[in-house]
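A structural walkthrough
So you can see what is in the structure, the chains are spelled out below.
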Amino acid sequence: KVTLPNNEMGFREWINHPGAACIVPILSENKIILVKQYRYPIREETIEIPAGKIDLGEDPEKCAYRELEEETGYKAKELTLLTSFYPAIGFANEKIWIYLAKNLVKSNSNTDKDEFVEKNDTKSNHFTWWN
C-alpha cells in the first residue's frame with residue numbers, strides 16, 4: 001500500500017534490490033571479456049559482461065573489482081565508472097553501476113557456489129571473448 005503523489009492510496013508490488021555492478025573488461029588486444037551463464041528466470045544461457053550484486057554495505061566499485069576477478073580470473077589496474085542507471089524502475093529499486101576495466105592482470109576466478117559461469121576459448125581455455 002503506497003501513497004501516490006496526489007495523496008491517494010494505491011497498491012504496488014516491487015522488489016527491494018541491493019544494486020549491482022557490471023564490468024566491461026578490455027584486454028590489451030582490444031577484446032572484451034564476456035561470460036556465458038545460465039539464467040533461471042528465462043531458463044537459458046546468456047552471453048553477458050561480468051556483473052554481480054552488491055553485498056550489504058559494499059561500495060559499487062569494490063563490488064566491480066570483486067566480481068571481475070570472481071567471474072573472469074582477471075584483476076583490473078584501472079577501473080572507470082561509465083554510468084549508473086535503474087534498469088527496471090517500474091517494479092524494482094535496483095541501481096546498476098557500469099565500469100570500464102583496463103590494464104587487466106591474470107588472477108584466479110572464484111565463482112560463487114551457485115554460479116555456473118562458462119569461461120572458455122581456444123587460446124587460454126579460461127574465458128570467452130569477442131571483438
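Everything quoted here is computed from the prediction, not taken from an experiment.

In this section: the nonpolar core. Judged by nonpolar contacts, the single largest core of 15 residues is most densely connected at Ile-23, Ala-64, Leu-68, Leu-79, Tyr-99, Ala-101 and Leu-104. Those elements giving two or more residues to this core turn out to be β3 (20-25), α1 (60-72), β7 (74-85) and β8 (96-106). Sorting elements by how many residues they give to this core places β8 first, with four residues. Leave out the neighbours within four places in its chain, and Leu-104 touches Pro-25, Ile-26, Leu-27, Ile-33, Leu-68, Tyr-74, Lys-75 and Ala-76. Core analysis: the second largest hydrophobic core is formed by seven residues, Ala-20, Ile-26, Ile-96 and Ile-98 among them.

Right, let's get into the pattern of salt bridges. Summed over all chains, the structure comprises five salt bridges. The closest approach of N and O atoms between Glu-48 and Arg-39, which form a salt bridge, is 2.3 Å. For Glu-48, a relative accessible area of 18% translates into the label buried. Here Arg-39 falls in the partly exposed class, since its relative accessible area comes to 32%. One salt bridge connects Glu-67 with Arg-66, and the closest N-O pair in it is separated by 2.9 Å. One continuous salt-bridge network, built from bridges that share partners, spans Asp-55, Glu-58, Arg-66, Glu-67 and Glu-70.

Looking now at α1. For α1, built from 13 residues, the straight-helix expectation of 18 Å at 1.5 Å per residue is met to within 8% by its first-to-last C-alpha distance of 18 Å. Within the span of α1, buried status applies to Pro-60, Cys-63, Ala-64, Glu-67, Leu-68, Glu-70, Glu-71 and Thr-72. The N-cap residue of α1 is Asp-59: its side-chain oxygen and the backbone nitrogen of Glu-61 are 3.0 Å apart. In the stretch just after α1, Gly-73 is the one whose phi turns positive, near 80 degrees.

What the four strands build is an open sheet, ordered β6-β3-β8-β7; its pairing is mixed. With one partner strand each, in any of the chains shown, β6 (51-53) and β7 form the two edges of the open sheet. With direction set aside, neighbouring strand axes in the sheet form an average angle of 25 degrees. Bridging between β3 and β8 involves six bridges; their strand directions are parallel. Pairing of Pro-25 across the sheet is with Ala-101, part of β8.

This next bit is on the state of the cysteines. A full pass over the atoms with the stated rule returns zero disulfides. Unpaired in terms of disulfides, Cys-22 finds its nearest cysteine sulfur in Cys-63, a separation of 8.8 Å. Under the relative-accessibility criterion, Cys-63 is labelled buried at 0%.

Here is what the cut-offs are and how they apply
- Residues numbered from 1 in each chain as written.
- Predicted model: local features only at pLDDT ≥ 70, side-chain atom pairs only at ≥ 80, totals over all residues.
- Heavy atoms only, no water.
- Core = buried A, V, L, I, M, F, W, Y, C linked by side-chain atoms within 4.5 Å.
- Buried < 20%, exposed > 50% of the residue type's maximum accessible area, 1.4 Å probe, protein only.
- Helix = DSSP H or I, 4+ residues; strand = E, 2+ residues; numbered from the N terminus.
- Contact = heavy atoms within 4.5 Å.
- Salt bridge = Lys/Arg side-chain N within 4 Å of Asp/Glu carboxyl O.
- Expected span 1.5 Å × (residues − 1).
- Polar contact = N/O pair within 3.5 Å; in protein donor to acceptor, adjacent residues only side chain to side chain.
- Pairing = 2+ DSSP bridges.
- Axes fitted to C-alpha atoms, helices over the stretch in contact; angles between N-to-C directions.
- Disulfide = S-S within 2.5 Å.

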